[in-house]
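Coordinates in review
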Amino acid sequence: RLYCLCCLSLTRIPGRYLTHQEGLPKLPVPPLNQTCDRYLAVLEPIIESEELNQTRTLVEEFQRPGGVGERLQQGLERRAHKAENWLSDWWLQMAYLDYRMPVVIHSSPGVVLPRLEFSDLEYLGGRPLCMSQYYRVLSSCRIPGIKSDSVVNYASNKTPPRHITVVHNFQFYVLDVYNSDCTPLTVDQLYVQLEKICNSSLQTNKEPVGILTSNHRNSWGKAYANLIRDKTNKESVRAIQKSIFTVCLDAPMPRASDDMYRTRAAVQMLHGGGSRWNSGNRWFDKTLQFIVGEDGACGLIYEHAPAEGPPIVALIDHVVEYTKKSDIVRTPMAPLPMPQKLCFNISPELKKDIEEAKQNMNIMVQDLDMKVHVFSYFGKNIPKSYKLSPDAFIQVALQLAYYRMYQHCCATYESASLRMFRLGRTDTIRSASVDSATFVRAMDDQSIQKVALLEKAVKAHRAYTDMAIRGQAIDRHLLGLKLQAIEDLSALPDIFMDTSYAVANHYNLSTSQVPAKTDCVMCFGPVVPDGYGVCYNPMEEHINFAISAFNSCADTSATRLAHALEDALLDMKALLEQTPKAKL
């Protein structure tokens, strides 16, 4: 199975994928008053009334005719007129490349493929989607800097890369995936080459250079500058950066019971288990790393800057289908050369950097509280049978679970795709709404009829989702106004210095639906110290959840939230069953 993953490199993306690209609309700048009104509405369930009154005053001042908000709006509209996408460059820089926490856990998602036992274009609601992210996934890599990072992509070079990198026992190899006559290697040839790599790297390398990529970005930026001063090191690093992708052949992880297998596999994909296990068997800056464990655990981790989850999951669906096909290509008789081992010269300073990165990684590993939970009672089928959006149903269940645990609502992020627009990335679906708050507060009150409240909450979430994917949500617009203010003004407007704005952007629940045909689950870490990361894949008759928290926060527990979420889903189903479907 592991060598089949390498065959993804042979899937070239012809120009037909960009057939609709030029015809895609530009991302709109929503009307200022609309965003201000909707901003106050999303604050209502998460902000105390006294604070909210102060914020209302600031918002009224911000949007008054001839005021600062109007000036910023005009600046943003001018930017939108000139640029292909007014947000995309700002978003890449601010959300990813300027973010200095380690990419491990804090940014890069991991994916667990099912325990082993593409159409040309994508559409959403009949409208074509931007396909540009597919072109950023292969032959690309993040490059560390002292204060900010960059991304390099070699796929569009006149001579695109013809190799992948393979790492085994912390040692990196270049594996050419094309023969000299430009034909792709067959499965048998790939297997032989991977076997050569494994046989030549039986001993674990003492200095896991790859673990440097897991460190705080500023620390890694300084270590990177030291690393590539040496000519041999620079050539080895470039070979990794240029490769189509990386394949990580992992050493055995600690055994896990069947019910804990997916949780253990999730942490293996997300961070490798620490310096004692496989965290050094990675190059975390590489956009795409396929991971194959000795026990058959398969998955990947991707660096988030170039792409969102859906294009990655589409690739996964393709790969999993590909592995089911038998290879009927005849293997050439000519023997292939030994894959090139990449060498690194480790100075005392670099050795110290590696030790620091090991310690920091182990602290992160110990702090991550991860729970993969397969909700087996029902899947998309139940909400769909009541003509309710499965995603909205799950999000309302998350609101109910959180409210039951903490007795209040919190700012909740769910990613919405903006790929209906050219170079579109994401906006925020704010799952904590006035309607969801009304429902969750009423749910455990026996004196209230709750079915209509549930239906209203689910439909409100669906409406916000539709608004977000049409480019009319509030968060990226507010961010654009803020960044426009930073460019234009000496001081930020009061609306952005307000406590309410800070609370609204402190996402105790950071969530993402990543639906796949494959029975996989994606996982990522929380975005705040006292929060949760929740990723889910709704299948027809079950739902895969990956829930994360930090052990350093006494108030959070991934397992507790998983149990509360299960109870919430079951209670909501029971509520629906009290009312005939015809009435809904």
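Residues numbered from 1 in each chain as written. Predicted model: local features only at pLDDT ≥ 70, side-chain atom pairs only at ≥ 80, totals over all residues. Heavy atoms only, no water.

1. Observations concerning the nonpolar core
Within the largest apolar cluster, 94 residues are counted, with the highest numbers of intra-cluster contacts made by Phe-439, Tyr-532 and Phe-545. Per-element accounting of this core gives the leading share, 12 residues, to helix α14 (residues 390-406). With residues up to four places along the chain from it excluded, the contact list for Phe-545 reads Lys-371, Val-372, His-373, Phe-375, Ile-394, Val-521, Val-534, Cys-535, Tyr-536, Leu-565 and Leu-569. The next biggest cluster of nonpolar side chains, apart from the first, holds 47 residues, and it includes Val-267, Ala-297, Ala-357 and Val-372. (Core = buried A, V, L, I, M, F, W, Y, C linked by side-chain atoms within 4.5 Å. Buried < 20%, exposed > 50% of the residue type's maximum accessible area, 1.4 Å probe, protein only. Helix = DSSP H or I, 4+ residues; strand = E, 2+ residues; numbered from the N terminus. Contact = heavy atoms within 4.5 Å.)

2. Quick word on the environment of Asp-475
Along the chain, Asp-475 falls in helix α17 (residues 475-488). Given a relative accessible area of 8%, Asp-475 falls into the buried group. Separated by 45 residues in sequence, Asp-475 and Arg-430 place their C-alpha atoms 9.0 Å apart. Sequence-distant contacts of Asp-475, defined by excluding residues within four places in its chain, comprise Asp-427, Thr-428, Arg-430, Tyr-464, Asn-505 and Tyr-507. One polar contact links Asp-475 to Tyr-507, side chain to side chain, over a distance of 3.3 Å. (Polar contact = N/O pair within 3.5 Å; in protein donor to acceptor, adjacent residues only side chain to side chain.)

3. Topic: the sheet that holds strand β1 (residues 110-112)
As summarised here, the arrangement of the 8 strands in space is β11-β7-β6-β8-β9-β10-β1-β16, forming an open sheet in which the pairing is mixed. The open sheet has two free edges, formed respectively by β11 (340-341) and β16 (521-523), since each of these has just one partner strand. Both β1 and β16 contribute to a ladder of 3 bridges, which runs antiparallel. Each bridged residue has a counterpart across the sheet, and for Val-112 the counterpart in β16 is Val-521. Of the strands in this sheet, β6 (163-168) and β7 (171-176) are in contact with helix α9 (residues 231-242), which crosses β6 at around 115°. (Pairing = 2+ DSSP bridges. Axes fitted to C-alpha atoms, helices over the stretch in contact; angles between N-to-C directions.)

4. Re the confidence of the model for the chain
The predicted coordinates ought not to be read in detail in places where the model reports low pLDDT. Residues at a pLDDT of 70 or more form 92% of the chain, whose mean pLDDT is 88. Mean pLDDT per element in the chain: helix α1 (residues 2-6) is the minimum at 44, and α14 is the maximum at 97. A low-confidence stretch, residues 1-14 (pLDDT under 50), is modelled with 45 contacts involving residues beyond four sequence positions or located in other chains. (pLDDT = per-residue confidence, 0-100.)

5. Quick look at unusual backbone geometry
Excluding glycine, a negative phi dihedral is what most residues carry, and trans is how most peptide bonds are arranged. With a phi close to 70°, Ile-105 is a non-glycine residue in the positive phi region. Note that Ile-105 resides in the loop between α5 (88-97) and β1. Residue Ile-105 is classed as buried on the basis of its relative accessible area of 1%. Positive phi, normally seen in glycine, also occurs at Leu-423, with a value near 60°.

6. Some points on the sheet that holds strand β13 (residues 412-417)
In spatial order, the strands read β12-β18-β17-β15-β13-β14; together these 6 strands make up an open sheet with mixed pairing. Among the strands making up the open sheet, the edge pair consists of β12 (368-375) and β14 (426-430). Adjacent strand axes in the sheet meet at a mean angle of 25° when their direction is disregarded. Direction of pairing for strand β17 (residues 532-538) relative to strand β18 (residues 543-550): antiparallel, over a ladder of 6 bridges.

7. Structural notes on the pairing of strand β10 (residues 298-302)
Counting buried residues along β10, 5 of its 5 residues qualify, which places the element largely inside the surrounding structure. Of the two faces of β10, the one carrying Cys-298, Leu-300 and Tyr-302 and the one carrying Gly-299 and Ile-301 are both buried. Strand direction decides the pairing type here: strand β9 (residues 288-293) and β10, joined by 5 bridges, are antiparallel. By the bridge assignment, Leu-288 is partnered in β10 with Tyr-302. Turn length for the β9-β10 hairpin, with the two strands adjacent in sequence and antiparallel, is 4 residues, and the turn residue Gly-296 shows positive phi of about 95°.

8. Section: the UniProt feature "binding site: (R)-carnitine" (unreviewed entry) in the chain
According to UniProt, the positions carrying the feature "binding site: (R)-carnitine" (unreviewed entry) are Tyr-413, Ser-415 and Thr-426. Structurally, Tyr-413 can be placed in strand β13. Among the residues examined, Tyr-413 registers a relative accessible area of 16% and is labelled buried. Engagement of the side chain of Tyr-413 in a polar contact is seen with the side chain of Arg-476, the distance being 3.4 Å. Considering the arrangement of structural elements, one finds Ser-415 in strand β13. Using a relative accessible area of 24% as the deciding quantity, one classes Ser-415 as partly exposed. With residues near it in sequence (within four places) discarded, Ser-415 still touches Thr-426, Asp-427, Ile-429, Thr-511 and Ser-512. (UniProt positions renumbered as here; feature names shortened; annotations may be inferred.)

9. Regarding the packing of helix α4 (residues 68-82) against α17
Relative orientation of the contacting elements α4 and α17 amounts to 95°, with a least axis distance of 9 Å. By the angle between their axes, α4 is roughly perpendicular relative to α17. Of α17, the residues touching α4 (which contributes Gly-69, Leu-72, Gln-73, Gly-75, Leu-76 and Arg-79) are His-477, Gly-480, Leu-481, Gln-484, Ala-485, Glu-487 and Asp-488. Considering only residue class, the contact of α4 with α17 consists of 4 nonpolar, 6 polar and 3 charged. (Parallel < 35°, antiparallel > 145°, perpendicular 65-115°, else oblique. Nonpolar A, V, L, I, M, F, W, Y, C, P; charged D, E, K, R; others polar.)

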